[in-house]
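# Descriptive structure summary
Take a look at the letters that make up each chain.
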Amino acid sequence: MTLISKSTNPTKNDKVHRVLLGKKQILVTEEEPLLIQLERAGIHVEYQCREGYCSSCSIKLLWGHVSYPFEPLAWVQSGYLLACCAIVKSDIEIAFFD
Amino acid sequence: MSYSTFNRKHFDSMKEPMFFGENVNVARYDQQKHPIFEKLIEKQLSFFWRPEEVDLSTDRKDFQRLEEHEQHIFLSNLKYQTLLDSVQGRSPNVALLPIVSLPELETWIETWSFSETIHSRSYTHIIRNIVNDPTKIFDDIVTNEEITKRADSVSIYYDRLIEMVNLYNTMGMGTFNVPGKGDIEISMPKLKKALYLTIASVNVLEAIRFYVSFACSFAFAERTLMEGNAKIIKLIARDEALHLTGTQHMLNLMASGKDDPEMAEIAAECQDEVRQIFIEAAEQEKEWATYLFKDGSMIGLNAQILGQYVEYITNVRMQAVGLETCFATKHNPIPWINAWLVSDNVQVAPQEAEISSYLVGQTDNNLDDSDFDDFDL
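Residues numbered from 1 in each chain as written. Chains lettered and ligands numbered in written order. Predicted model: local features only at pLDDT ≥ 70, side-chain atom pairs only at ≥ 80, totals over all residues. Heavy atoms only, no water.

It is worth spelling out the overall build of chain A at this point. Along the backbone of chain A there are one helix and eight strands. Taken from the N to the C terminus, the helices and strands of chain A come in the order β-β-β-α-β-β-β-β-β. In chain A, which comprises 98 residues, the share counted as buried stands at 50%. Accessible surface, chain A: about 4900 Å² in total, of which carbon and sulfur atoms supply 53%. (Helix = DSSP H or I, 4+ residues; strand = E, 2+ residues; numbered from the N terminus. Buried < 20%, exposed > 50% of the residue type's maximum accessible area, 1.4 Å probe, protein only. Areas by Shrake-Rupley, 256 points an atom, 1.4 Å probe, with all protein chains shown as cover.)

Here is the structure:
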């Protein structure tokens, strides 16, 4: 099943990346953090502060690259990403709890 | 080694571990070994709020209209939260300040504890507003068996660490006989283990123990009941989320060995015990949910759903400190709670943030020559 998130007016140099989550595939841009784009695609992600300090939206990053426009206050475990403030920079695969 | 409020030794605080190094002397923040704690202080200060800002006049009427079993749920949660913040308003200071070795961490501990005292004051504000005799409620906190059971588990690690540090500061290393308690061995590994377990139990307190009561407060507010209370709880939840990041950083820094190599060994050795602290707290919280709903549930919540939420949130918190999750619940059974827990819609009046006259000591730097036109000497 492929879900395509509605991106808001994609600009010309706006890069689109694939996010794999189990059997789902979601297309995301570098315009916004991952959390909001997953939500738009109908995927429920745990969250609380939405500004990088509570670590509730920590998700496993199996492979691929994300970056943070500002360094989050929360500790990000290696192999995880913080969805509320992570910008996806390549195709990635993510997973929730096993 | 005895504690000194102003250590006269010359040492480089950038080379000290977080705890059990030199006592802090100069409170300086121009250089920091772990800048994260300075950032947490700044964030916490930006969150500053006062309970009296929240109007609770409708809550009084709402409370009188609640059914008896709902009043029991509401008051029991308030009592439990009062207990938790009574402990948290003092214990980080009493237990951790005598052993901390970094100025930024020392100040974070003080800032953290201070914000808990605001929470305690807000419970008094709420209780005074809804009942005529607050004494009945406060007295029950030390006699109610369900609450005192929890008091034991939240204070045991703190108390043990404080006792050991007292012995260490007066007697130094060795084995000492304490009347009524038998022989207590004081050595650096034992002290560090007591510290690590204390931080883990505080993490559990702030990451899990508060959340059953948060869920109930927000479930009332979903029915437009006790909304003033929910506003206060929202502010408390925002603070607690930041505090738990503080203890997650301490635990992760310790486990990584970057701060103190010996601490990494202790963290590895304690892993099972820490898992057990998480699991035990989750089980106690599930029991608490059963106690809350013993005379009846409330719309949108019952003991079973709340129990699943406890399991879910425990999994989330365990993952954040690098532990394997241990409960089967992988989905949030009450996803609506996140809309209440989110802090980006905590209201700030625009004038507070933008108009300089609302800010204490604020100056306006945008001046040009025309501002002096009506100025005569």
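It is worth spelling out the interface of chain A and chain B at this point. Each partner contributes residues to the interface: chain A has 20 residues there, and chain B has 34 residues. For the pair chain A and chain B, the summed buried area comes to about 2400 Å², and 52% of that belongs to carbon and sulfur atoms. Summed over the shared surface of chain A and chain B, the result is two salt bridges. The partner of Lys43 of chain B in a salt bridge is Glu51 of chain A, and the shortest N-O contact between them spans 2.7 Å. Counting across the interface, chain A meets chain B through 14 residue pairs in polar contact (both at pLDDT 80 or more). Split into classes, the residues belonging to the side of chain A that touches chain B amount to nine nonpolar, six polar and five charged. (Contact = heavy atoms within 4.5 Å. Buried area = accessible area lost by both parts, 1.4 Å probe. Salt bridge = Lys/Arg side-chain N within 4 Å of Asp/Glu carboxyl O. Polar contact = N/O pair within 3.5 Å; in protein donor to acceptor, adjacent residues only side chain to side chain. Nonpolar A, V, L, I, M, F, W, Y, C, P; charged D, E, K, R; others polar.)

Turning our attention to the environment of Asn252 of chain B. Examined against the element boundaries, Asn252 of chain B turns out to sit in helix 9 (residues 227-256). The buried category is assigned to Asn252 of chain B, whose relative accessible area is 6%. What Asn252 of chain B contacts, discounting residues up to four positions off in sequence, is Trp75 and Gln77 of chain A together with Ala320 and Val321 of chain B.

The next subject is the packing of helix 7 (residues 188-209) of chain B against helix 10 (residues 261-292) of chain B. Residues and elements named next belong to chain B. Contact pair helix 7 / helix 10: the axes reach a minimum separation of 9 Å and the direction vectors enclose 35°. Read as a crossing pair, helix 7 and helix 10 show a hand that is right-handed. Of the residues in the contact of helix 7 with helix 10, the class split is 16 nonpolar, three polar and seven charged. (Axes fitted to C-alpha atoms, helices over the stretch in contact; angles between N-to-C directions. Left-handed = near helix turned anticlockwise from the far one by under 90°.)

Here the focus is the packing of helix 3 (residues 68-96) of chain B against helix 6 (residues 145-171) of chain B. Residues and elements named next belong to chain B. Where helix 3 contacts helix 6, the axes come no closer than 10 Å and their chain directions differ by 5°. Classified by the angle their axes make, helix 3 and helix 6 are roughly parallel. Here Ser76, Lys79, Tyr80, Leu83, Leu84, Val87, Gln88, Ser91, Pro92, Val94, Ala95 and Leu96 of helix 3 come into contact with helix 6, specifically with Ile147, Arg150, Ala151, Val154, Tyr158, Leu161 and Ile162. (Parallel < 35°, antiparallel > 145°, perpendicular 65-115°, else oblique.)

Residue and element names in this part refer to chain B. Applying the stated criterion across every chain yields a total of twelve aromatic pairs over all chains. Ring geometry for Phe74 against Phe220: centres 5.9 Å apart, planes inclined by 70°, an arrangement best described as edge-to-face. Of this pair, Phe74 sits in helix 3 while Phe220 sits in helix 8 (residues 211-222), and the two are 146 residues apart along the sequence. Each member of the pair, Phe74 together with Phe220, is buried. Both rings, one in Trp288 and one in Tyr291, keep their centres 5.2 Å apart while their planes meet at 35°; by these two values the pair is tilted. Within this pair, Trp288 and its partner Tyr291 are both found in helix 10, separated by three residues, close to a single helical turn. Like Trp288, the residue Tyr291 is buried in the burial classification. The ring centre of Phe47 lies 4.2 Å from the NZ or CZ of Arg238, which sits over that ring. (Phe/Tyr/Trp six-rings, centres within 6.5 Å; stacked < 30°, edge-to-face > 60°. Lys NZ or Arg CZ within 6 Å of the ring centre and 35° of its normal.)

Phi is positive for Arg50 of chain A, close to 60°, though the residue is something other than glycine. Judged by its relative accessible area of 23%, Arg50 of chain A falls in the partly exposed class. Phi is positive for Thr224 of chain B, which is not a glycine, with a value near 50°.

Another aspect to go through is the pattern of salt bridges. Note on pairing: side chains with opposite charge can pair once their charged atoms come close. Under the defined criterion, the tally for this structure stands at 25 salt bridges over all chains. Here Lys89 of chain A ties to Glu30 of chain A by a salt bridge, and the two come within 3.2 Å at their closest N and O atoms. Residue Lys89 of chain A is found in the loop between strand 7 (87-88) and strand 8 (92-95), and its partner Glu30 of chain A is found in the loop between strand 3 (24-29) and helix 1 (34-40); the two are separated by 59 residues along the sequence. For Lys89 of chain A, a relative accessible area of 36% corresponds to the partly exposed category. Through salt bridges with shared partners, a single ionic network connects Glu146, Lys149, Arg150 and Glu287 of chain B.

Residues and elements named next belong to chain B. Inspection of the sheet shows strand 1 (residues 174-178) paired to strand 2 (residues 182-186) by five bridges, in the antiparallel sense. The residue of strand 2 that forms the bridge with Thr175 is Glu185. Once strand 1 ends, the chain turns through three residues before running back antiparallel as strand 2, passing Gly180 with a positive phi of about 85°. (Pairing = 2+ DSSP bridges.)

Take the nonpolar core next. Within the largest apolar cluster, 126 residues are counted, with the highest numbers of intra-cluster contacts made by Phe19, Leu96, Leu105 and Leu195 of chain B. Of all the elements, helix 10 of chain B adds the most residues to this core, at 14 residues. Core analysis: the next-biggest nonpolar cluster, separate from the first, contains 26 residues, Leu38, Val45, Ile59 and Val66 of chain A among them. (Core = buried A, V, L, I, M, F, W, Y, C linked by side-chain atoms within 4.5 Å.)

Function cannot be read off these values alone, since they describe shape.
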